[in-house]
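Spelled out, the chains give:
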Amino acid sequence: MSFIQHVRVAINHEHNKDYTRAFNAYNQSLPYARNENSIIKIRSRQAWCLHLVGNPQETEKIYQELIENHESNPWSHILFAKYLIKTRRYKQAKNLLQKSSLRFPDNLELYLLLASLLKDMERSNEAIQVLKKALTREDLTRGRGILRKDIWAELGTLFYIRGDYNSAISALKKSLRMDLDENFLHYDVLSACYLKVGDPENVLYYIDKYIRYSGDMDAELLILKARSHCRLKQYPHASASLLQAYAFEDGLGLTAEEMVDLAPLKQFGFLETLENLSIEE
């Protein structure tokens, strides 16, 4: 059998939760592996099989051997870090990724993985610094098909989480300018940013773009749209958007922050027409 055939057999065993057979099938594929990356990835799959049969010591032994034997290949570091993240050893994964990004400063995958980990650890400020550092590199490799525009978009999202809305808008619009409008995936975040900085016209502009290119809508964005219409004193449009949001779940829950903008609809008696409505005090 060829390398691909052995790997397919191994993956099939893995899907069937027969991890011992999967390990052995991966082992049979190794002599046919033609490059270092393939060897590292196959050994990593074997390591995960060992973990799943309750042998984490041998799992870590494989990863340590990969780093020792392939120390100049970033994938040995990346896959070990992913294993540490999957097993919730976040601090150890963070330390490994920080050291590895210094060793392989042009590897985008390391930056993205570290930023994602820091974001999940609610350390968005550190994640922002990691992505900023990545963007200073002119020799950055492409990771998982991700481009610089995607880094700018993720940076914008992190700024939004931090509450730095002007920086979020700046980063998101840099991402937007790097590709066709229909390929941008973050019109919803951009709209939310514009509401935070008091620009309801741009909220409506970017929500319309979101609808045009995604063909989708949800209650959260419709509430955002209603709030923007209220700020512009376009109350019939605000009522229509809120009715659409209500229809999603045949009910609606509004926060105190949202009610600051939607208060005129309450004064006009519109909200009283909605039966399943809850308003946060």
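How each quantity is defined
- Residues numbered from 1 in each chain as written.
- Predicted model: local features only at pLDDT ≥ 70, side-chain atom pairs only at ≥ 80, totals over all residues.
- Heavy atoms only, no water.
- Helix = DSSP H or I, 4+ residues; strand = E, 2+ residues; numbered from the N terminus.
- Rg over C-alpha atoms; globule rule 2.2 N^0.38 Å.
- Buried < 20%, exposed > 50% of the residue type's maximum accessible area, 1.4 Å probe, protein only.
- Contact = heavy atoms within 4.5 Å.
- Axes fitted to C-alpha atoms, helices over the stretch in contact; angles between N-to-C directions.
- Parallel < 35°, antiparallel > 145°, perpendicular 65-115°, else oblique.
- Left-handed = near helix turned anticlockwise from the far one by under 90°.
- Nonpolar A, V, L, I, M, F, W, Y, C, P; charged D, E, K, R; others polar.
- 1 Å grid on protein atoms, 1.4 Å probe; cavity = no way out; pocket = protein on both sides within 12 Å on 5 of 7 lines; lining within 4 Å.
- Points joined across faces, edges and corners; volume = space filled by probe spheres on them.
- Expected span 1.5 Å × (residues − 1).
- Polar contact = N/O pair within 3.5 Å; in protein donor to acceptor, adjacent residues only side chain to side chain.

A. Expanded view of the overall build of the chain. Looking only at helices and strands, one finds 15 helices and two strands in the chain. Taken over C-alpha atoms, the radius of gyration comes to 25 Å for the chain, far larger than the 19 Å a tight globule of 281 residues would show. A principal-axis box enclosing the C-alpha atoms of the chain has dimensions of 75 × 40 × 35 Å. Every one of the 281 residues in the chain was classed for burial, and the buried ones make up 45%. When contacts within the chain are restricted to residue pairs at least 6 apart in sequence, those whose partners lie at least 24 apart make up 51%.

B. How the structure looks around the packing of helix H3 (residues 36-52) against helix H4 (residues 56-69). H4 packs onto H3 with a crossing angle of 165° between their chain directions and a minimal axis gap of 7 Å. Viewed along their axes, H3 and H4 adopt a mutual orientation that is roughly antiparallel. Regarding H3 and H4, the two cross each other, and that crossing is left-handed. Mapping the contact onto sequence places Ile40, Arg43, Ser44, Gln46, Ala47, Leu50 and His51 in H3 and Pro56, Glu58, Thr59, Ile62, Tyr63, Glu65 and Leu66 in H4. Here the residues of the contact of H3 with H4 are counted per class, giving seven nonpolar, four polar and three charged.

C. Inspection of the environment of Ile67 at higher detail. As for its position among the elements, Ile67 is in helix H4. With 155 residues separating them in the primary sequence, Ile67 and Leu222 have C-alpha atoms 50 Å apart. Filtering out sequence-adjacent residues up to four positions away, Ile67 remains in contact with Ser76, His77, Phe80 and Leu96.

D. View of the layout of surface pockets. Taken as a whole, the largest pocket encloses approximately 350 Å³ of empty space. Around the largest pocket sit 15 residues that line it, and Tyr160, Ala192, Glu220, Leu224 and Arg227 are the ones nearest its centre. For the lining of the largest pocket, the elements supplying multiple residues, two or more each, are helix H11 (187-196), helix H13 (219-231) and helix H15 (256-267). Considered class by class, the residues forming the lining of the largest pocket number seven nonpolar, one polar and seven charged. Lining the second largest pocket are Lys149, Asp150, Ala153, Glu154, Ser175, Leu176, Asp179, Leu180, Asn183, Phe184, Leu185 and His186. Mapped onto the lining of the second largest pocket, the elements with two or more residues apiece are helix H9 (148-162) and helix H10 (165-177). Broken down by element, the residue count for the lining of the second largest pocket peaks at four residues, all from H9. For the lining of the second largest pocket, the residue count by class is five nonpolar, three polar and four charged.

E. Broad picture of H3. Taking 1.5 Å as the rise per residue, H3 with 17 residues should run 24 Å; its terminal C-alpha atoms sit 25 Å apart, in good agreement. What H3 keeps buried is the set Ser38, Ile40, Ile42, Arg43, Ser44, Gln46, Ala47, Trp48, Cys49 and Leu50. For H3, the N-terminal capping position is held by Asn35, with its side-chain oxygen 3.2 Å away from the main-chain nitrogen of Asn37.

None of the figures reported here should be taken as evidence of function without further support.
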